[in-house]
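# Coordinates in review
Residue-level listing of the chains:
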Amino acid sequence: MKISKKIVLLGHFGVGKSSLIRRFVENTFSEDYKVTIGVHIFKKNVSIPEKGTDVSLVLWDLEGNDDISNTRLSYLIGTHAFIYVYDVSRPATYKNLESELEFLKEKQKNTPITVVGNKEDLVTKTYLKQNVDDFGSLTDLYVSAKTGHKVDFLFSKLAEALI
Amino acid sequence: MNQDERLSILKDILLTDEREYAKKVEEKLKIVEDIVNKQNELSERVNPIIDEKLNDFVVEIPKTLGPTITETLKSEIRNSQDAVVEALFPIIGKMIKKYIQQEMQILSEQINSKVNSTFSFESLKRKFKSKRSGVSEADLILQELAQPILEQIMVIEKGSGIIISEYSKTQSIDQDMVSGMLTAIKSFAEDAFEKENQELSYIEYDNFHIHLQNFSSYYIAVIISGPYNVMYKSKLEDKLLDFAKNYINEYDIKDTKSFTKKLEQYFKNNVL
Ligand SMILES: Nc1nc2c(ncn2[C@@H]2O[C@H](COP(=O)(O)OP(=O)(O)OP(=O)(O)O)[C@@H](O)[C@H]2O)c(=O)[nH]1
Ligand SMILES: [Mg+2]
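This write-up is about the structure you can find in this document.

Definitions and cut-offs
Residues numbered from 1 in each chain as written. Chains lettered and ligands numbered in written order. Predicted model: local features only at pLDDT ≥ 70, side-chain atom pairs only at ≥ 80, totals over all residues. Heavy atoms only, no water. Contact = heavy atoms within 4.5 Å. Buried area = accessible area lost by both parts, 1.4 Å probe. Salt bridge = Lys/Arg side-chain N within 4 Å of Asp/Glu carboxyl O. Polar contact = N/O pair within 3.5 Å; in protein donor to acceptor, adjacent residues only side chain to side chain. Helix = DSSP H or I, 4+ residues; strand = E, 2+ residues; numbered from the N terminus. Nonpolar A, V, L, I, M, F, W, Y, C, P; charged D, E, K, R; others polar. Pairing = 2+ DSSP bridges. Axes fitted to C-alpha atoms, helices over the stretch in contact; angles between N-to-C directions.

## Details of the interface of chain B and chain A
Accessible area lost on assembly of the parts is the figure often given for the size of an interface. On the side of chain A, 25 residues touch chain B, which itself brings 20 residues to the contact. Summing both sides of the interface, chain B and chain A together bury roughly 2000 Å²; the carbon and sulfur share of this comes to 63%. Of all residues in chain B, the largest losses of buried area upon contact with chain A belong to Glu52(B), Ile162(B) and Asp176(B), amounting jointly to 25% of the total for that side. Across the chain B-chain A interface, the total number found is 3 salt bridges. As a salt-bridge pair, Lys43(A) and Asp174(B) come within 3.4 Å of each other at their nearest N and O atoms. There are 6 residue pairs in polar contact (both at pLDDT 80 or more) connecting chain B and chain A. Listed by contribution, the elements that provide at least two residues to the side of chain B that touches chain A are helix H1 (3-79) and helix H5 (175-193) of chain B. Broken down by element, the side of chain B that touches chain A gets its largest block of residues, 10 residues, from H5(B). A breakdown of the residues in the side of chain B that touches chain A according to their chemical character gives 8 nonpolar, 7 polar and 5 charged.

Laid out in structure tokens, this is it:
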């Protein structure tokens, strides 16, 4: 029997949640911005050769929220893993990173959170190093939906960790 | 006033004006210079704000203006009901007529094909039934065609929307996505109406009726096509409750295989 896992993507408006999913599921990217309203559901099978099995990732693409406490809590129930996305080029999207993550941890106690800084293509490596104090220590991965940098890596690592 | 005095006054006037004029020009120039210098910096600072405001705007519009627009439209329609009816009547009439024509055609095609397959087992059964009950064969066929059809049963974990078990005669849809979406809709509706212990129990989608039977840690979604009515609903409910109560235990919920086996056995010969 196949295994399915619920993954929820959260973060501010326009940080690239939908773009990351589109890059992962369809391997495409678009410059124009279509706001997500409510929630969209996507799915992709990931095979994990080391464990000789398949996982079906059911991805919940939530609408962006500048304040995580406005998120519809019932969407979070039963989640197997969160991906919290911010935009490395827009400080407003990570200035409350720590407290937003606290909120999430409190609402869903045992659910792992992966923190990713998206739009890595827009900034330099030096910039990322300089901003370590702001988000560096909390970030698990820098990714880019545009170039595809580390996007597959993100999801396949997650799938593996959930088995 | 002598010549000198006049000259000095004239000078005064001219020079003051000139000075002031020069000053003004200088000020203006400085402003322009500032703008030119700062524009890049400014746009850098302002663009994200504008972007963000625009995003907010796009999101807020349906929330704030939506109801007003709907309300206005509603009252407009209410106030000029006659005109609206006048305008819509021919179109609706045509649509209904066309729809009925098409449906009748499909129906008669189906009846014909059923009658034509005289040698099928079903039709033999029908012939007997017709003789026995005195109901005409065509009426029996009509009755058969107007039955609700149970297309699919999905047992879905609450919250996560992950499928625990599933049973269908024809597999055509992506169950993981459907069960996720059903769960999201359910969560949304239950959140939005904020009535405690009130659970969404029915969704109509396209030509399908989706019956949702809620249990504590999971719910069962039954997708039905054809005419779905109160009688069918209550029979379905009885079946689902009986199934959950008498056949399913807490271990089945964690054991997809066993759940599916029981589901299949119970609903394979569904006589609803
Ligand atoms: N340069 C660059 N642009 C990106 C990247 N990812 C997304 N974008 C752009 O950012 C904008 C917003 O992307 P979305 O994926 O719609 O953002 P979102 O987080 O889903 O937004 P909401 O649904 O409103 O919360 C779009 O114009 C994308 O093209 C990236 O990695 N690099
Ligand atoms: Mg989106």
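We are not done yet, so read on.
## Here's the deal with the sheet that holds strand E2 (residues 39-48) of chain A
Residues and elements named next belong to chain A. A sheet is described by the order of its strands in space; here 6 strands give the open sequence E2-E3-E1-E4-E5-E6, paired in mixed fashion. Two strands in the sheet have a free side with no partner beyond their single neighbour: E2 and strand E6 (141-142). Across 2 bridges, the pairing between strand E5 (residues 113-118) and E6 is parallel. Within E6, the residue paired with Val116 across the bridge is Leu141. Relative to the sheet, helix H1 (residues 17-26) contacts strand E1 (3-11), E2, strand E3 (53-62), strand E4 (81-87) and E5, its axis offset from that of E3 by approximately 155 degrees.

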